[in-house]
Amino acid sequence: MADMIIRQADVGDAEAIYQIERLCFPDPWSRDSLIYELGENPRAFYIVAVLDEKVVGYAGMWWIEDEGHITNVAVMPGYRNRKIGQGIVDVMLDFTSGEGIRHHTLEVRRSNEAAIKLYEKMGFRTEGVRRGYYLNNGEDALIMWRHGQSD
């Protein structure tokens, strides 16, 4: 396998991210929303995983004071189970922690056992539930947090 590159995303990655969204989520973000996130939202931070010059995964986060709200993590079908998702999240956590983020949070479908295990492995713990959070089927979301070191 060729070397994977994980880099900060820019507006030129919007179409590739949108295609991954459509493949991975029942309620994907719109192309216009992603263009706004990548090009105009000062609180948004996105990274992509590139393999053989193709974007195969990404993660997005909103940066609010010393908290990072991870909005999405996705790896294109056919590229899963290669530790790409773990690599993306590792890079995001390492970089943003180094830039002052002390707490990271995310929501994950209660049924997404693979993602929950990955997040737990990376230090996230379930601290709450959003009942009926997902509009397409009313599934609950687990609210997970990863707290950094105190000053």
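In every chain, residue numbers begin from 1 and rise along the written sequence. Note on the predicted model: pLDDT of at least 70 is required for a residue's local features to be given, and 80 or more for side-chain atom pairs to be given and counted; whole-chain, interface and lining totals, by contrast, use all residues. Excluded from the side-chain calculation are hydrogens and water; included are all heavy atoms of the structure.

Turning to the overall build of the protein, a few remarks are in order. Summing up its helical and strand segments, the protein has four helices and seven strands in all. Beginning at the N terminus, the succession of helices and strands in the protein can be written as β-α-α-β-β-β-α-β-α-β-β. Between the two quantities, the radius of gyration covers C-alpha atoms and the globule rule is 2.2 Å times the number of residues to the power 0.38. The C-alpha radius of gyration computed for the protein amounts to 15 Å, which stays within 12% of the reference 15 Å derived for 151 residues, consistent with globular compactness. Projecting the C-alpha coordinates of the protein onto the three principal axes gives extents of approximately 40 × 40 × 35 Å. Only protein chains enter the accessibility calculation, which uses a 1.4 Å probe. A residue is then buried if its area is under 20% of the maximum for its type, exposed if over 50%, and partly exposed in between. Of all 151 residues assigned to the protein, the portion counted as buried reaches 44%. Secondary structure elements are defined from DSSP: runs of H or I of at least 4 residues count as helices, runs of E of at least 2 residues count as strands, and each element is numbered from the N terminus.

Within this document, salt bridges are pairs made up of a side-chain nitrogen of Lys or Arg and a carboxyl oxygen of Asp or Glu, the two lying within 4 Å of each other. Taken as a whole, this structure holds seven salt bridges when the rule is applied. Measuring nitrogen to oxygen at the nearest pair gives 2.8 Å for the salt bridge that ties Asp13 to Arg7. Exposure remark for Arg7: the relative accessible area of 31% places this residue in the partly exposed category. Close ionic contact of Arg109 with Glu139 constitutes a salt bridge, the shortest N to O distance being 3.2 Å. Residue Arg109 is located in strand E5 (residues 103-109), and its partner Glu139 is located in the loop between strand E6 (125-130) and strand E7 (141-147); the two are separated by 30 residues in the primary sequence. Both residues of the pair, Arg109 and Glu139, belong to the buried class. Each of Arg110, Arg131 and Asp140 takes part in salt bridges that share partners, so that together they form one network.

So, on to helix H3 (residues 84-98). In this analysis, the expected span of each helix is defined as 1.5 Å times one less than the number of residues it contains. Over its 15 residues, H3 extends 21 Å from the first C-alpha to the last, a length consistent with the 21 Å expected when each residue adds 1.5 Å. Residues of H3 that are buried include every one of Ile84, Gly85, Gly87, Ile88, Val89, Met92, Leu93 and Thr96, and no others. One or two residues past the end of H3 sits Gly100, with phi positive at roughly 110 degrees.

At Asp52, a residue that is not glycine, the phi angle is positive and equals roughly 50 degrees. Structurally, Asp52 is set in the loop between strand E2 (44-51) and strand E3 (54-64). The exposed category is assigned to Asp52, whose relative accessible area is 59%. The phi angle at Lys83 is positive, at roughly 70 degrees, despite the residue not being glycine. A relative accessible area of 59% means that Lys83 is categorised as exposed.

So, to be careful, I would describe these as geometric facts and stop short of saying anything about function.
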